Amino acid sequence: MAFYHCSIKTSKDKKGNFIPGKKHADYINREGEYKDYDNKVGLAHAEYINREKDFARQEFLRKHGQCVYKANKLPKWAKGNPSEFFKSADVYGRKNKASYREFELALQEELTLEQNIEIVNTILNNYEYFQDKYYAVAIHDKQAALDDNKQQIHCHIMVSDKIIDEIEKTNERPPEQFFKTYCRVNTDKGGAKVDRYFSKDNFGKNLTHFRKHYCDVTNAIFRKYGIDKTIDHKSLKMQREEALRNGDYVRAEILNRPAEQYIGTIASYDKNNPLVQKLLENRKYITERTNLLLAASETEKNIKDTILIDKINSSMKEANDAIDERCNTLESKVADISILKNDILFLLNQIKETSKDVLSFEEAKALAKYDLMTKDEKALTNKLFNFNQKSIELQNKIANTNNDKIKQQLDNELEKTNKAISALKVQLRPTNKKFTQSAFKAKVTKRANYLLLENAPLKEKLELLRDKLDVQTANLKQILKENIINLPAQSYSAKEVKTILDNLVIDVKNSFEYKQQEYKSLASRVISPQRAREMAYNVATNHKYRELKEAKRLVAKEKIKLEQEAKPFINQVEYVQKFDDSSLLNQAKLQLQPYITKYQELNVKEQDIFAKFNELEAFINSPEQQEKIQSIIEGILTKNSPIKYQYDTLREQISSLKTELKELKNLSVGVNNQVRLDKNTNFKYSIKLQTGTTSVANISGGSMSSSDTIKLLAQAFNGVEGAIPLVAKIDEQTDEVLDYKHLNIVDKRAKRSNAILKEFS
């Protein structure tokens, strides 16, 4: 688990006595009298059972840890030896004053030694206090006192409060002067000034500031290496109050407990100590309580997800129901309806797109499980996903194939795929079993909660969009209710058909343009198999593949540029060669020579790049690397598959919209012609209930939508034979209902002329 500990000490011990700086420097660096502690191994069994001699020292190592890393920033006279530096601080510094300040920081067992060193170096290089100080650093690693399966890696930083001023930077003082008391009057003769940053008056405020910096750096390193852990310098009470302010009530309840009682390093190694036993029991209780709270939270989140999905589906259904044939019929007469309809369609589209990115708790858990898998487990999971996708595709192909021979081949392929799926499931059984353990369940839940916290802004956006949709739907319903009496009963004039058809064209065109923009923005995020392979090459070669490819491209580009720049001089040489003038020719060649030299250098550079490329390809093509690369490719394509699916779906939608737009524009020609023919008449048109009857269709009670009705009328106006018998023509002045196919001579001539024009257009 991520562990927080940060303390700053002076050279005084618990009794108030000063610890010599040299002795403590030897201790943290395992030098001097502490030198052999890292190297001793057990000797005779008698010494082992009696805990004598070297085994006593091994006990020291177990309690205090081995030194696994050393570093320092010291003056030249110290010769890189912290003991020498702090010995001088003891000898030449003021008596009864601290000769050093020690920072003791917990490092993290989840990180490698190099990553923990990165934490220490980041603090030393960025925290202002350390910039003008001499210091020594040592990292110790020891077994945890209360858990034999854990390590406690920690860092000691010994610092002198003496400031490295401009005088010291220019010309280092000898030790006897550096540690002397600072003299304001004559700074050259006095010692270095003491930094009061951690003095008694400033200690509390600056200690809190440093602890926060230490936590921020550690958490940043956790994030950098993809580890779902954090540490916090604040007290449990403060963390709980923060969780309550953020609405994270589960975390607040987990933090609702007293802090652990500190029992000391020596006491913690005695497992029979009542205080140790009580502490271990308390930790076990806290773990069980945390797991129960997380399980309750999981159930609550699943219920909330279901409620949210139901609410969104209900809102979308209500909005779609509001945009029915009545809305389409009225929008040509009531401008507000058209505006509201477009707003609702826009909100519906935004809700659909945002919903794709909003994580449910189950989805977050699935992602968390994948993150916690090992590299081999992820590879198996990716393969299983790909085979499942292949199985679905094969089943669809079989269902849509009538050719028996092809069907048999697909059946055989499906059988092999299903066998591979079964084998992979068997291989993944230990992984699935692992995630049923309480420890892994807790890890998955914590990681899922972290992902949901990151996803919260999108969820809030989705709920806000749903609220807006409900408001706009209510507004649309109100306007429809107010204007319902003005709705034409089952019939449309040619002019009304034109208006509604024009609106349909605009709607489809807007959808087409919106989808096209979305398609273009998504194109850059879709990873092709070739691109995935190149990405895998980069990962496998530690990005050398990309570097060489880029270098190759730049050399080729530079050669082309050089050729263009040299072209005038080449032409000049060719021109001068026609004359028998060696002086002019030599002068022209002299001007061309720098370009030839540069071109030859580029050729050498290009050959070197090709040679490195060949070496890299040989490395890539080895069986071991090919297996690794294939695993990376599968992982990349699996992760990218939702975007690829979205991309392919958009392409199909754009194709459908393009076809529909073309059809609507073609229909507009006949509709415009019908408007001209019906000028100054009272003709209206409707759909018959049944073909061959003269009764008018009752559209409001039928299942045809308004847009379908308008399209059918427009097809009839364009002379489509299948549509004409379905349309009734009504003279509103006489209430006479005629078949639309009984057109007058003028109508027929107009249709014939239109057909001829369309044929030659």
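Residues numbered from 1 in each chain as written. Predicted model: local features only at pLDDT ≥ 70, side-chain atom pairs only at ≥ 80, totals over all residues. Heavy atoms only, no water.

With that out of the way, let us pick up the overall build of the chain. What the chain contains, in helices and strands, is 26 helices and eight strands. The buried share of the chain, taken over its 761 residues, is 38%. For the chain, the accessible surface area stands at approximately 45900 Å², while carbon and sulfur atoms represent 52% of it. (Helix = DSSP H or I, 4+ residues; strand = E, 2+ residues; numbered from the N terminus. Buried < 20%, exposed > 50% of the residue type's maximum accessible area, 1.4 Å probe, protein only. Areas by Shrake-Rupley, 256 points an atom, 1.4 Å probe, with all protein chains shown as cover.)

Bringing the confidence of the model for the chain into the picture now. Residue-level pLDDT values for the chain average 76, and 73% of them are 70 or greater. Ranking the elements of the chain by mean pLDDT puts helix H2 (residues 45–50) last, at 30, and helix H5 (residues 113–126) first, at 91. Counting interchain partners and residues more than four positions distant, the pLDDT-below-50 stretch residues 485–489 has eight contacts. (pLDDT = per-residue confidence, 0-100. Contact = heavy atoms within 4.5 Å.)

Looking now at helix H21 (residues 529–540). For the α-helix, the turn length of 3.6 residues means that residues three or four positions removed from each other point alike. Over its 12 residues, H21 extends 16 Å from the first C-alpha to the last, a length consistent with the 16 Å expected when each residue adds 1.5 Å. Every buried residue belonging to H21 is among Ala532, Ala536, Tyr537, Asn538 and Ala540, and all of these are buried. Those residues of H21 that are buried lie in contact with helix H22 (544–576), helix H23 (582–620) and helix H24 (623–677). Note on H21: the residue one or two positions beyond its end, Asn542, has a positive phi of about 55°. (Expected span 1.5 Å × (residues − 1).)

Here we take up the side chain of His154. Tracing the backbone through its elements, the reader meets His154 in strand S5 (residues 151–159). Only 3.3 Å separates the side chain of His154 from the side chain of His156, close enough to count as a polar contact. (Polar contact = N/O pair within 3.5 Å; in protein donor to acceptor, adjacent residues only side chain to side chain.)

Attention now moves to the pattern of salt bridges. According to the stated counting rule, one finds 25 salt bridges in the structure shown. Two residues, Lys549 and Glu534, come together in a salt bridge whose shortest N-O distance is 2.5 Å. With Lys549 in helix H22 and Glu534 in helix H21, the pair connects residues that are 15 residues apart, well separated along the chain. Glu534 sits in the partly exposed class, given a relative accessible area of 23%. The shortest N-O distance in the salt bridge between Arg553 and Glu550 comes to 2.7 Å. Taken together, the residues Arg553 and Glu550, both in helix H22 and three residues apart, mark about one turn of the helix. (Salt bridge = Lys/Arg side-chain N within 4 Å of Asp/Glu carboxyl O.)

The next subject is the environment of Glu617. Structurally, Glu617 is set in helix H23. Looking at Glu617, the relative accessible area reads 35%, which means it is partly exposed.

Below, the discussion takes up the environment of Ala220. Tracing the sequence through the fold places Ala220 in helix H8 (residues 203–224). The spatial distance from the C-alpha of Ala220 to the C-alpha of Ile119 is 9.0 Å, given a sequence separation of 101 residues.

This brings us to the packing of H21 against H24. The relative placement of two packed helices is expressed as an angle between their axes plus a distance between the axes. One way to put it is that H21 packs onto H24 with a least axis distance of 9 Å and a crossing angle of 125°. As far as their axial angle goes, H24 and H21 are oblique. The handedness of the crossing between H21 and H24 comes out as right-handed. Contact with H21, carried on its side by Pro529, Ala532, Arg533, Met535, Ala536, Tyr537, Val539 and Ala540, involves Gln625, Gln626, Lys628, Ile629, Gln630, Ile632, Ile633, Ile636 and Leu637 of H24 and no other residues of that element. For the contact of H21 with H24, the per-class residue count stands at 12 nonpolar, three polar and two charged. (Axes fitted to C-alpha atoms, helices over the stretch in contact; angles between N-to-C directions. Parallel < 35°, antiparallel > 145°, perpendicular 65-115°, else oblique. Left-handed = near helix turned anticlockwise from the far one by under 90°. Nonpolar A, V, L, I, M, F, W, Y, C, P; charged D, E, K, R; others polar.)

If you look at soluble globular proteins, the nonpolar side chains tend to sit buried side by side. Val497, Leu501, Ile710 and Leu713 are the most contacted members of the largest nonpolar core, which has 32 residues in total. Within the residue set of this core, elements represented by two or more residues are helix H20 (494–523), H24, strand S6 (683–687) and helix H25 (706–717). Among the elements that make up this core, the one with the highest residue count is H20 (10 residues). In this structure Val497 touches Tyr492, Val671, Ile710, Leu713 and Phe717, once residues within four positions along its chain are discounted. (Core = buried A, V, L, I, M, F, W, Y, C linked by side-chain atoms within 4.5 Å.)

As a further point, take the side chain of Lys515. If you trace the backbone, Lys515 turns up in helix H20. Dropping the residues within four chain positions of it, Lys515 is found in contact with Asn349, Leu650, Gln653, Ile654 and Leu657.

Enumeration over the complete set of coordinates arrives at 27 aromatic pairs. One aromatic cluster is present, formed by Phe103, Tyr127, Tyr129, Phe130, Tyr135, Tyr197, Phe198 and Phe210 through successive ring pairs. Of note, Lys552 hangs over the ring of Phe613, and the distance from its end group to the ring centre comes to 5.2 Å. (Phe/Tyr/Trp six-rings, centres within 6.5 Å; stacked < 30°, edge-to-face > 60°. Lys NZ or Arg CZ within 6 Å of the ring centre and 35° of its normal.)

Right, let's talk about unusual backbone geometry for a bit. For Asn542, which is not glycine, the phi dihedral falls at a positive 55°. Structurally, Asn542 can be placed in the loop between H21 and H22. For Asn542, a relative accessible area of 59% gives the class exposed. Despite not being glycine, Asn680 shows a phi value in the positive range, around 65°. Turning to its location among the elements, Asn680 is positioned in the loop between H24 and S6.

Further remarks concern a positive patch on the surface. Together, Arg94, Lys97, Arg184, Lys193 and Arg196 give the surface a local cluster of positive charge. Tracing the backbone shows Arg184 in the loop between helix H7 (175–178) and H8. For Arg184, a relative accessible area of 75% puts it in the exposed group. (Patch = residues over 30% accessible without salt bridge, like charges linked within 9 Å, V, L, I, M, F, W, Y side chains within 5 Å. Lys, Arg positive; Asp, Glu negative; His and termini not counted. Charge placed at Lys NZ, Arg CZ, Asp CG, Glu CD.)

The first and last C-alpha atoms of H23 sit 54 Å apart over 39 residues, in line with the 57 Å expected at 1.5 Å per residue. By the largest-angle criterion, Leu592 marks the main kink of H23, which is about 35°, and a proline, Pro594, follows within four residues. Every buried residue of H23 is accounted for by Leu585, Ala588, Leu592, Leu602, Glu606, Ile609, Phe613, Leu616 and Ile620. Structurally, H23 contributes buried residues whose contacts are with H21, H22 and H24. (Bend = angle between axes of the 7 residues up to and from the residue.)

A few words now on the pairing of strand S7 (residues 727–731). Most of S7 sits out of view: five of its five residues are buried. Burial of the side chains of S7 extends over both faces: Val727, Lys729 and Asp731 are buried on one face and Ala728 and Ile730 on the other. Pairing geometry for S6 and S7, over five bridges, is antiparallel. Residue pairing across strands places Phe683 opposite Asp731, the latter belonging to S7. (Pairing = 2+ DSSP bridges.)

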